[in-house]
Amino acid sequence: ALYAAASRLAGLVTFAQNSISAVSAPMLAEHYWQGEFSQVEQVMATSLRWALLWAGLATAALALAGERILGLWGDEFRTGGSILVVLAVGQMFNAVAGPVGFLLNMTGREKTSTGILAVVVPGRLLTLPFAIAWGGTLGAAIAVAGWSGLQSYTTWRIAGRHLAKSVAANETCR
């Protein structure tokens, strides 16, 4: 119950990113397929700025007031402040990467995105029992945040390369 409450609260960190991505994803796809790569970069940058603003504020608020907020579920939940902070930081990795998963999925690289998940999901599932045995609920939070960070970083790197190659190919064709 403690982990579930902390996980739900940590989800607030990417609340704005999820909303922004719902709007920006079709714009990214449209600009990409029309070869308007400067527009793709502009939409990515704008989306990232707004998502980071929210994510930064949400992470700070959860770090500062997380124990009090968790206490709304009962006094026994107050002990989950560190779990909440770890999970919020894990969500922050996602926000820092921006809507790169959508960029891959909307620009013909959905198999790449699936490949990343094919590594991350089993990796997370295999390491969670060890993380829990090592550190209990906090260990689980660390493992989940770590794998989330790895997924976000990997997706960000691959999406950046994909976009750079597309820009280079477009300029070569001109």
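Source: prediction; values computed, not measured.

There is a patch of nonpolar side chains on the surface, built from Leu12, Phe15 and Trp54 and spanning about 300 Å² of accessible area. Looking at the element boundaries, Trp54 is found in helix H3 (residues 37–70).

What follows deals with helix H4 (residues 81–97). Given a rise of 1.5 Å per residue, 17 residues ought to cover 24 Å, and the 25 Å separating the end C-alpha atoms of H4 matches this to within 8%. Of all the residues in H4, the buried ones are Gly81, Ile83, Leu84, Leu87, Ala88, Gly90, Met92, Ala95 and Ala97. Two residues or fewer past H4, Gly98 is found with a positive phi of approximately 80 degrees.

Turning our eyes to something else, we now look at the packing of aromatic side chains. Per the stated rule, a full pass over the model turns up four aromatic pairs. Residues Phe15 and Trp54 carry aromatic rings whose centres are separated by 6.3 Å and whose planes lie at 55 degrees to one another, so their mutual orientation is tilted. Placement of the pair is Phe15 in helix H2 (residues 15–33) and Trp54 in helix H3, with a sequence separation of 39 residues. Counting every residue linked through ring pairs, the aromatic cluster contains Tyr32, Trp33 and Phe37.

Our focus in this paragraph is the packing of H3 against H4. Helix packing for two helices is described by the angle between their axes and how far apart those axes are. Two numbers describe how H3 lies on H4: the axes approach to 9 Å, and their chain directions differ by 180 degrees. As the angle between them shows, H3 and H4 are arranged roughly antiparallel. Counted together, Leu48, Leu52, Ala55, Gly56, Thr59, Leu62, Ala63, Gly66, Glu67 and Leu70 of H3 and Gly81, Leu84, Val85, Ala88, Met92, Ala95, Val96 and Ala97 of H4 form the full contact between these two elements. Split by residue class, the contact of H3 with H4 holds 13 nonpolar, four polar and one charged.

A few words now on the environment of Gly56. Mapping Gly56 onto the fold places it in helix H3. Considered as a pair, Gly56 and Ala5 are 51 residues apart in the sequence and their alpha carbons are 20 Å apart.

Looking now at the confidence of the model for the chain. Caution applies to low-pLDDT regions: their predicted coordinates should not be interpreted in detail. Confidence along the chain averages 91 in pLDDT terms, with 95% of residues attaining 70 or more. Summarising per-element confidence for the chain, the mean pLDDT is lowest in helix H5 (residues 100–106) (88) and highest in helix H1 (residues 2–10) (94).

Take the environment of Ala5 next. For Ala5, the position within the fold is in helix H1. A C-alpha to C-alpha distance of 9.9 Å links Ala5 and Ile69, two positions 64 residues apart in sequence. Residues within four places of Ala5 in sequence aside, it is in contact with Leu70, Trp73 and Phe77.

Our next topic: H2. Taking 1.5 Å of rise per residue, the 19 residues of H2 would be expected to cover 27 Å, and the 28 Å separating its terminal C-alpha atoms lies within 8% of that figure. Along its length, H2 shows its largest kink, about 35 degrees, at Ala22, and proline Pro26 lies within four residues downstream of that point. Turning to H2, its buried residues number three or more, namely Ala16, Gln17, Ser21, Ser24, Ala25, Leu28, Ala29, His31 and Tyr32. Phi for Gly35, located one or two positions after H2, is positive at around 75 degrees.

Conventions used here
- Residues numbered from 1 in each chain as written.
- Predicted model: local features only at pLDDT ≥ 70, side-chain atom pairs only at ≥ 80, totals over all residues.
- Heavy atoms only, no water.
- Patch = residues over 30% accessible without salt bridge, like charges linked within 9 Å, V, L, I, M, F, W, Y side chains within 5 Å.
- Areas by Shrake-Rupley, 256 points an atom, 1.4 Å probe, with all protein chains shown as cover.
- Salt bridge = Lys/Arg side-chain N within 4 Å of Asp/Glu carboxyl O.
- Helix = DSSP H or I, 4+ residues; strand = E, 2+ residues; numbered from the N terminus.
- Expected span 1.5 Å × (residues − 1).
- Buried < 20%, exposed > 50% of the residue type's maximum accessible area, 1.4 Å probe, protein only.
- Phe/Tyr/Trp six-rings, centres within 6.5 Å; stacked < 30°, edge-to-face > 60°.
- Axes fitted to C-alpha atoms, helices over the stretch in contact; angles between N-to-C directions.
- Parallel < 35°, antiparallel > 145°, perpendicular 65-115°, else oblique.
- Contact = heavy atoms within 4.5 Å.
- Nonpolar A, V, L, I, M, F, W, Y, C, P; charged D, E, K, R; others polar.
- pLDDT = per-residue confidence, 0-100.
- Bend = angle between axes of the 7 residues up to and from the residue.

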